[in-house]
Amino acid sequence: MKKGEIGEGVIEKVEFPNKGWIYSEDGERILIKNGVPGQKVRFSVQKKRKGKCEGRLLEVLEKSPLELEQPACVHFGSCGGCTYQNLDYSQQLQLKEKQIKELLLSAAHTPDDSWFEGIKPSPLVCGYRNKMEFSFGDEYKDGPLALGMHRRGSFYDLVTVDQCMITDGDYHQILKSALTYFTNEGVTYFKKNTHIGYLRHLLVRKAAKTGEILVDLVTTTQDCGERPEAHLLSGFREALLQLPLAGKIVGIVHTKNDSVADVVKNEGTDVLYGQDYFYEELLGLKFKISVFSFFQTNSLGAEVLYETARDYIRSSAQERSGVIFDLYSGTGTIAQMMAPAAEKVIGVEIVEEAVLAARENASRNGLLNCTFLAGDVLKVLDAITERPDVIILDPPREGVHPKALRKILDYGVDHIVYISCKPTSLVRDLEVMQECGYRVVRGCCVDLFPGTYHCESIVLLSKLKSNKVEAY
């Protein structure tokens, strides 16, 4: 097939992440995203280079036998957020488990797959998100103001997701209230091409356990319209506080962001109501979370993930663990979960705000054996005098930097637990770790993102001893 050509075919297989494969009559392999196995689709060829062909899905001609009669979410197909709302949750789990198992088995140097323990489902399938970042824009060029997610395949157009399935009713009310208020006020949004406008994003965070809600309105410092900004923000605050929510708003803040990039960047935040943080609870511990703190977006799913990590460490140690290194520790959630089973836990995180939050949370939870250090893992390890007995890795999506990974492996600890939100990065790092004498002994995936193709993976690696080689 040639670039620009229109074709039809059946998606034979979907690999992580969201890569569907169609085979043409002459055996050519074509990559199509946003499909599910068994769909007959029409597509256009977008790229063709060195024998690789990539297409864009134009239309689903025939549904897959796996699909629901109607998608679970009314926004599915137009919203660019979720990919699997057209599948029953059991089908989603099977698809994710198969994809990740194939990836991990391709990298794990083990004689069988008995170490892979399958997939653990999210306790909640709908309304599980504790954080959403909505964008202001228009539904189409020069159309009415919209607030929501980007339309699938579009850089500019938005879908007002006021019935989103992965958030609960409080998010829907807050979104609709904000959109109605600013529409009535005639306030402009920030246009990406001209860099002119006021409204940018609406960030909403809600704790699953405490029900506390934090709302952040992100704007530029440009002219906001006819009313003075103070009056406009006061009206916005009052509109939200009048909503009959199931949870409780504990803070409304206003963040300024004049960056031209389409991201939420904090260039100054003011409190409009209450406080600039909220509290969430995980496995009996309490965590203070600010607007920009990293925290797993599925609180109940995070409990499943952290329980799994704790189980892996317990299964690998004959008695209480000594020193545990939690590298890429974020706000210290994993470190604090592990603290009762260790003599000492040392967390390392490059984001200083997250480290400060980790220290505060550990103190609040009465955990005196946790130490948190700010800085790049590659550099901070040189300054730590203690040697670890167990290492936990929970790196960002790109995985562990190669130089940092080598330094980590030089400790030669008996056991490493690696948590990954991007299994392709985990696969890459597994190759290096196994070259250095480690083998995967347990592993599974935990679904923290129902409705999407994303999934967490976790593996336990043990160091091979010369007298234990025959056991593998």
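This text goes with the structure placed above it.
Rules used in this analysis
- Residues numbered from 1 in each chain as written.
- Predicted model: local features only at pLDDT ≥ 70, side-chain atom pairs only at ≥ 80, totals over all residues.
- Heavy atoms only, no water.
- Helix = DSSP H or I, 4+ residues; strand = E, 2+ residues; numbered from the N terminus.
- Rg over C-alpha atoms; globule rule 2.2 N^0.38 Å.
- Lys, Arg positive; Asp, Glu negative; His and termini not counted.
- Charge placed at Lys NZ, Arg CZ, Asp CG, Glu CD.
- Core = buried A, V, L, I, M, F, W, Y, C linked by side-chain atoms within 4.5 Å.
- Buried < 20%, exposed > 50% of the residue type's maximum accessible area, 1.4 Å probe, protein only.
- Contact = heavy atoms within 4.5 Å.
- Expected span 1.5 Å × (residues − 1).
- Phe/Tyr/Trp six-rings, centres within 6.5 Å; stacked < 30°, edge-to-face > 60°.
- Lys NZ or Arg CZ within 6 Å of the ring centre and 35° of its normal.

Caption draft 1: Spatial organisation of the overall build of the chain. Helix and strand counts for the chain stand at nine helices and 22 strands. Its C-alpha atoms give the chain a radius of gyration of 24 Å, within 12% of the compact-globule value 23 Å for 472 residues. Across the chain, the mean location of the 57 positive side-chain charges is 3 Å away from that of the 64 negative side-chain charges.

Caption draft 2: Here's a closer look at unusual backbone geometry. Each neighbour pair has its own omega, and for Phe16 with Pro17 the value is -5 degrees, a cis peptide bond. The phi dihedral of Leu283 falls on the positive side, at around 50 degrees, and the residue is not glycine. Its location among the elements puts Leu283 in the loop between β14 (277-282) and β15 (285-290).

Caption draft 3: Here's a closer look at the nonpolar core. Ranked by internal contacts, the top residues of the largest apolar core, which has 79 residues, are Phe136, Phe182, Leu199, Leu202, Phe236 and Val417. Per element, the largest residue contribution to this core is seven residues, and it comes from helix α2 (residues 169-185). Dropping the residues within four chain positions of it, Leu202 is found in contact with Met132, Glu133, Phe134, Phe136, Leu147, Ile174, Leu175, Ala178, Val215, Asp216, Leu217 and Phe236. One finds Tyr89, Phe116, Val377 and Cys455 within the second-largest nonpolar core, a separate group that totals 42 residues.

Caption draft 4: Just helix α4 (residues 299-316), in detail. When the terminal C-alpha atoms of α4 are compared, their 26 Å separation across 18 residues agrees well with the 26 Å that a helix rising 1.5 Å per residue should span. Every buried residue of α4 is accounted for by Ser299, Gly301, Ala302, Glu303, Leu305, Tyr306, Thr308, Ala309, Arg310, Tyr312, Ile313 and Ser316.

Caption draft 5: Local environment of the packing of aromatic side chains. By the definition in use, this model includes ten aromatic pairs. Summarising the aromatic geometry, the rings of Trp115 and Phe116 are spaced 5.8 Å apart at their centres and angled 85 degrees between planes, so their arrangement reads as edge-to-face. With respect to class, Trp115 is no different from Phe116; both count as buried. Consider the rings of Tyr277 and Tyr279, whose centres lie 5.7 Å apart with planes at 80 degrees: the pair is edge-to-face. Residue classification places Tyr279 among the buried residues on the basis of a relative accessible area of 16%. Three or more aromatic residues joined by ring pairs make a cluster, and in this case those are Phe136, Tyr181, Phe182 and Phe236. When the ring centre of Phe76 is taken as reference, the NZ or CZ atom of Arg152 above it lies at 5.5 Å. Seen from the ring of Phe155, Lys192 lies directly overhead, with NZ or CZ sitting 5.4 Å from the centre.

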